[in-house]
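# Examination of the molecular architecture
The lines below spell out each chain.
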Amino acid sequence: MQLRNSSSRYGWVSIVLHWGIALVVYGLFALGLWMVGLDYYSTWRKDAPDLHKSIGLVLLAVMLLRVIWRVVSPPPPTLSTYGRLTRVGAKLGHSALYLGLFAVMIAGYLISTADGVGIPVFGLFEVPALVSGLPDQADVAGQIHFYLAWALVIFSGLHALAALKHHFIDRDATLKRMLGRQA
């Protein structure tokens, strides 16, 4: 089992982080859509947002670890068969996904801490409210969070389609490498 990335494929740490984060992001998106429709009498009215916030903060920590891991174990270089436009597009696309993920989580944090109250994480500890009281903080951060979440889900879907295009049309090793197979 190869833990670190090599010049030809991703290691298991990168693979687990990639697919795990993708599943969590889609799960948080679904939970977010569901919870905003809950009425006052729902038994999940308080628990669903608390769960959403706790998972989101854990995801933020995992994303920070993922960035550190990319420095410790750099990803394999892009395939030599990629043209210049594909290389630039891949770099910009991955950067947009990373920045979007961090931005949506920061916006979520700003929604939750607008009143100066920290965020409990699964009842184990509390993340303090470091930024609060900005003008319309919860509303502005809420709009950003909403639109960025949609943008991330749509863009990650396009990311997946691009991987499938590389696999089935270009017949290159792009997807295989993210599945831990040799290029």
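The name that an unreviewed UniProt entry assigns to the chain is Cytochrome b, with the source organism given as Pseudomonas rhizophila. One UniProt comment on the chain, placed under Subcellular location (unreviewed entry), says "Cell membrane". The record in UniProt for the chain states the following under Cofactor (unreviewed entry): "heme b".

A few words on the pattern of salt bridges. A complete count under the given rule lists 2 salt bridges for this structure. Across the pair K165 and D170 runs a salt bridge whose closest N-O atoms are separated by 2.6 Å. Owing to a relative accessible area of 38%, K165 belongs among the partly exposed residues under this scheme.

Relative orientation of the contacting elements helix 3 (residues 84–112) and helix 4 (residues 137–168) amounts to 150°, with a least axis distance of 8 Å. Taken as axis vectors, helix 3 and helix 4 run roughly antiparallel relative to one another. Crossing angle aside, the handedness with which helix 3 passes helix 4 is left-handed. Residues of the contact of helix 3 with helix 4, tallied by class, amount to 15 nonpolar, 11 polar and no charged.

Now for the UniProt feature "domain: Cytochrome b561 bacterial/Ni-hydrogenase" (unreviewed entry) in the chain. Mapped onto the present numbering, the UniProt feature "domain: Cytochrome b561 bacterial/Ni-hydrogenase" (unreviewed entry) falls at residues 9–180. Taken end to end, residues 9–180 is 67% helix and 3% strand, and its first and last C-alpha atoms sit 6 Å apart.

If you trace the backbone, S156 turns up in helix 4. By relative accessible area, S156 is classed as buried at 16%. Apart from the residues within four sequence positions on either side, S156 is in contact with Y26 and L97.

Before going further, it helps to examine helix 1 (residues 12–35). In this model, helix 1 (24 residues) spans 33 Å end to end at C-alpha, consistent with the 34 Å of a helix rising 1.5 Å per residue. Along helix 1, the residues classified as buried are S14, I15, L17, H18, I21, V25, L28, F29, L31, G32 and M35. The inward-facing, buried residues of helix 1 abut helix 2 (47–72), helix 3, helix 4 and helix 5 (174–178).

Below, the discussion takes up the UniProt feature "transmembrane region" (unreviewed entry) in the chain. In the numbering used here, UniProt assigns the "transmembrane region" (unreviewed entry) feature to residues 12–34, 54–72, 92–111 and 144–164. Taken end to end, residues 12–34 comprises 100% helix and 0% strand; its first and last C-alpha atoms sit 32 Å apart. What you have in residues 92–111 is 100% helix and 0% strand, and the ends, taken at the C-alpha atoms, are 28 Å apart.

Reading the values: the criteria
- Residues numbered from 1 in each chain as written.
- Predicted model: local features only at pLDDT ≥ 70, side-chain atom pairs only at ≥ 80, totals over all residues.
- Heavy atoms only, no water.
- UniProt positions renumbered as here; feature names shortened; annotations may be inferred.
- Salt bridge = Lys/Arg side-chain N within 4 Å of Asp/Glu carboxyl O.
- Buried < 20%, exposed > 50% of the residue type's maximum accessible area, 1.4 Å probe, protein only.
- Axes fitted to C-alpha atoms, helices over the stretch in contact; angles between N-to-C directions.
- Helix = DSSP H or I, 4+ residues; strand = E, 2+ residues; numbered from the N terminus.
- Parallel < 35°, antiparallel > 145°, perpendicular 65-115°, else oblique.
- Left-handed = near helix turned anticlockwise from the far one by under 90°.
- Nonpolar A, V, L, I, M, F, W, Y, C, P; charged D, E, K, R; others polar.
- Contact = heavy atoms within 4.5 Å.
- Expected span 1.5 Å × (residues − 1).

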